[in-house]
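# Examining the three-dimensional arrangement
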2 protein chains.
Amino acid sequence: MGEFDVIARYFARPARHAALGIGDDCALLQPSPGTQLAISTDMLVQGRHFFADVDPRTLGHKALAVNLSDLAACGAKPLAFTLALSLPNINQAWLAAFADGLFVLADAHGCDLIGGDTTGGPLNICITVFGEVPVVDGKSQALLRSGAQPGDDLYVSGTVGDARLALEGLRGQLSLPAAVLAAARVRLETPTPRVALGLALRGVATAAIDVSDGLLGDLAHLLERSRTGATVQADNAIESIAAYTAYTRATSQFVINLSKDQWRTLALAGGDDYELLFTAPPAQRAAVEAAALAAQTPVRRIGQIKREPGLTLVDAQGQTLPNHYQSFDHFA
Amino acid sequence: MGEFDVIARYFARPARHAALGIGDDCALLQPSPGTQLAISTDMLVQGRHFFADVDPRTLGHKALAVNLSDLAACGAKPLAFTLALSLPNINQAWLAAFADGLFVLADAHGCDLIGGDTTGGPLNICITVFGEVPVVDGKSQALLRSGAQPGDDLYVSGTVGDARLALEGLRGQLSLPAAVLAAARVRLETPTPRVALGLALRGVATAAIDVSDGLLGDLAHLLERSRTGATVQADNAIESIAAYTAYTRATSQFVINLSKDQWRTLALAGGDDYELLFTAPPAQRAAVEAAALAAQTPVRRIGQIKREPGLTLVDAQGQTLPNHYQSFDHFA
């Protein structure tokens, strides 16, 4: 089975949002009048972003999910994507499962595969995704990293820290109860891109970024682009960890024996969360709640934007905490 | 030096054709009114598409060139590209040379780097490129593979076969005079995407494809999409090999001791040529010549489209030749 057979068999499907899909030198995409195209690309490498023995179905899901998460952070509506795939060998069962995981998520978002490339080589998955953002009165409605204002509330969606908890469990660094590991592993392997929330936050949020490298690390990018600082309530952030709330607070004893500092590390520097970190003025609190409800995605207020550059971490009593929570860097 | 430093130092440059370039979750591209976006992606893997010790400057050139060649085959005007890069280590001299080769070609085509991703892992380069095609009276002006008509002439641009000649020389399969290898190696390592020719052929050519996997292999894709067949003059095609004309015909003796059959293999199945293979009605011969002149790119008529499916190879005397010229498949 050669390169063209792989594409024809597993990846060639009719495109609905493209003027021309797979099978020519280029795909042709005709953006709707009055819109901009939002574009993002992510590369996933075995041993870096996933284990060699990962279920190919979850890998197909995650490869697209991390890209859709970038569209979500821009408030863009998914349209289409390209897929470049380097494969060490042609394993038909693997390809079928990978394609299935990929297309189930793609279909859920109405996002068409419109082109790609397949080659032999170490396993590597590169997806480039395209979304649409309206331009109203000459002004793009995209959510950017650069719009945060002093006084804005800082929010994070869903749960953060669970993906890293699963990673540490799978690596054997933490010993976790089976049910905890299983639940956290779903967050690591099949993250939910917050596309609906990103769309609902257009016109409400002042800035947004997706949390892929760790909450504080990605917050630093948002602050840098917005030329502002922030105060983050660390103990509010850890309430975002599903494992923390489910297994620490709901029972009378600690099932997972982690220190407060370890919980903070998971929430603040875990990485691989693919949640939205965003800002909005306090006057918009009801609108943020309405957006969260419409998107069926919980959001949590974890801090505030301030004029002075830099990040201040505080505990539940408002006491300043030393910030030794390092972001996850793919070269580390 | 981490991921973000690599991007900031070597790849972050102001975008001219994008509403928003590098530095946010997505780039924002605003296509001109009345245009379609042409999109193509290509992945280059060490050991498959280039040698480990290749000059990083030529690698930067080639990684973008193969993508621009896809735009050329569509008659699309280059606008922008994204770059995803997996690197085994951070070698600053290597990165500087790679970026230089990349940007010299990008600047020559007014094509902006608008986004990307950098990670650790086996060397892998994935570029997705964006071009613009006008839509006139609701009809896309893109050159497609599917438009060839019975009776159309078949053309190939520039030179084919030289890249494969260089590859065989570098692999030690062929012993080549140093001057021959040096000249052919330029074609292998720094191919010229035929963007100007693709633009000039809009409204003239009926179908086009870029020759990346070998002339006959890529012709088969064009014929399949056009539901036609073709007759190819093999001995006319070999006149397209620069090494053949320069070193075989211009001197009184054969400097390169290849059989006619070997020359045919180079021209018809060489691969890595990044030339345009295109069709046009005989009534457009003057227009094709004018396009070639305007684009300063030689073109050669090497055959004809016929109604009956299938490919007929003929020699200079019009005698049918057996077709044992296999296309280069990246899984072979």
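Residues numbered from 1 in each chain as written. Chains lettered and ligands numbered in written order. Predicted model: local features only at pLDDT ≥ 70, side-chain atom pairs only at ≥ 80, totals over all residues.

## Focus: the overall build of chain A
Note the cut-off: Only DSSP runs of H or I covering at least 4 residues are called helices, and only runs of E covering at least 2 are called strands; the numbering of each starts at the N terminus. Here the globule rule reads 2.2 Å times residues to the power 0.38, and the radius of gyration is calculated from C-alpha atoms. Residues are called buried when their C-beta atom has 20 or more other C-beta atoms within 10 Å, exposed when it has 12 or fewer, and partly exposed otherwise; all C-beta atoms are positioned from the backbone. A pair of residues counts as a contact when their C-beta atoms, built from backbone coordinates, are separated by no more than 7 Å.
A count of helices and strands for chain A gives 11 helices and 13 strands. Against the compact-globule benchmark of 20 Å for 332 residues, chain A has a radius of gyration of 20 Å, which places it among compact chains. Relative to its full complement of 332 residues, chain A shows a buried share of 56%. Taking the contacts inside chain A whose residues are at least 6 apart along the sequence as the reference set, 86% of them involve residues at least 24 apart.

## Some details on the environment of A:Ala269
All names here are of chain A. Tracing the sequence through the fold places Ala269 in helix α10 (residues 260-269). The exposure class assigned to Ala269 is buried, which follows from the 21 C-beta atoms found within 10 Å. Taking the C-alpha atoms as reference points, Ala269 and Val129, 140 residues apart in sequence, are found 26 Å from one another.

## Notes on the interface of chain A and chain B
Here is the rule: Residues are grouped as follows: nonpolar covers Ala, Val, Leu, Ile, Met, Phe, Trp, Tyr, Cys and Pro; charged covers Asp, Glu, Lys and Arg; every other residue, Gly included, is treated as polar. Any two strands are treated as partners once DSSP identifies two or more bridges connecting them.
Each partner contributes to the interface: chain A provides 53 residues, whereas chain B provides 53 residues. Counting residues per element, the side of chain A that touches chain B draws most heavily on strand β2 (residues 35-45) of chain A, which supplies 9 residues. A breakdown of the residues in the side of chain A that touches chain B according to their chemical character gives 25 nonpolar, 17 polar and 11 charged. Across 3 bridges, strand β1 (residues 27-29) of chain A lies against strand β2 (residues 35-45) of chain B in antiparallel orientation. Each bridged residue has a counterpart across the sheet, and for A:Leu28 the counterpart in β2(B) is B:Ala38.

## Concerning the relation of the copies chain A and chain B
Selection rule: For the least-squares superposition of copies, only C-alpha atoms count, and only for residues with pLDDT at least 70 in both.
Mapping chain A onto chain B is achieved by rotating through 180° and translating by 0.0 Å along the same axis, at an RMSD of 0.0 Å. Within this description, the copies of the chain are treated as partners about a two-fold rotation axis.

## A look at the domain arrangement of chain A
Residues and elements named next belong to chain A. For clarity, the threshold we go by: Segmentation into domains, and thus their bounds, comes from an automatic or database assignment.
In terms of domain boundaries, chain A breaks down into domain 1 (3-140) and domain 2 (145-321). Once you take the C-alpha centre of each, domain 1 and domain 2 turn out to be 26 Å apart. Put simply, the parts of the chain that give the side of domain 1 that touches domain 2 at least two residues each are α2 (56-74) and β3 (77-87). With 12 residues, α2 is the largest single contributor of residues to the side of domain 1 that touches domain 2.

## Some words on the packing of helix α2 (residues 56-74) of chain B against helix α3 (residues 92-108) of chain B
Residue and element names in this part refer to chain B. Condition: Working convention: axes come from line fits to C-alpha atoms, limited for helices to the stretch in contact. Angles between N-to-C directions cover 0 to 180 degrees. For classification, angles of less than 35 degrees are called roughly parallel, those exceeding 145 degrees roughly antiparallel, those between 65 and 115 degrees roughly perpendicular, and all remaining angles oblique. Each crossing is labelled by how the near helix is turned from the far one, with a counterclockwise turn of less than a right angle marking it left-handed and a clockwise turn marking it right-handed.
Contact geometry of α2 with α3 gives a least axis separation of 7 Å together with a crossing angle of 40°. If you check the angle between α2 and α3, you find them oblique. Handedness of the crossing formed by α2 with α3: right-handed. For the pair α2 and α3, the contacting residues are Pro56, Arg57, Thr58, Leu59, Gly60, His61, Ala63, Leu64 and Ala65 in the first and Trp94, Ala97, Phe98, Ala99, Asp100, Gly101, Leu102, Leu105 and Ala106 in the second.

## Notes on the pairing of strand β12 (residues 310-314) of chain B
Residues and elements named next belong to chain B. With 5 bridges connecting them, strand β9 (residues 229-233) and β12 associate as parallel partners. Looking across to β12, one finds that Thr231 is bridged to Thr312. Of the strand pairs in this sheet, β12 and strand β13 (residues 320-321) are connected by 2 bridges, and their pairing is antiparallel. Looking across to β13, one finds that Val314 is bridged to Thr320.

## Concerning helix α7 (residues 215-226) of chain B
Residue and element names in this part refer to chain B. Heads up, the rule is: Expected span of a helix: the number of residues minus one, times 1.5 Å. In this description, one arc is meant: the one made by directions from the helix axis to the C-beta atoms.
For α7, built from 12 residues, the straight-helix expectation of 16 Å at 1.5 Å per residue is met to within 8% by its first-to-last C-alpha distance of 16 Å. Residues Leu215, Leu216, Asp218, Leu219, Leu222, Leu223 and Ser226 constitute the buried set of α7. One side of α7 holds all its buried residues, which, seen down the axis, span an arc of 160°.

## Here we look at the sheet that holds strand β8 (residues 207-211) of chain B
All names here are of chain B. Read across the open sheet, the 7 strands follow the order β8-β10-β7-β11-β9-β12-β13; overall the sheet is mixed. Of all strands in the sheet, those with a lone pairing partner are β8 and β13, marking the two edges. As paired strands, strand β7 (residues 153-157) and strand β11 (residues 299-306) are joined by 5 bridges and run antiparallel to one another. From the neighbouring strand, Leu154 faces β11, where its bridge partner is Gly303. Sitting on the sheet, α7 is in contact with β7, β8, β9, β10 (275-280) and β12, with an inclination near 155° to β8.

## A few points about the confidence of the model for chain A
Residues and elements named next belong to chain A. Stated precisely, the cut-off is as follows: Looking at any residue, its pLDDT shows the predictor's confidence there, from 0 to 100.
Confidence in the prediction for chain A averages 90 pLDDT; 94% of positions are at 70 or higher. Predicted confidence is poor over residues 328-332, with pLDDT under 50, and the contacts of this stretch with residues over four places away or in other chains come to 16 contacts. For this predicted complex, the interface confidence score (ipTM) comes to 0.89, while the overall pTM stands at 0.91.

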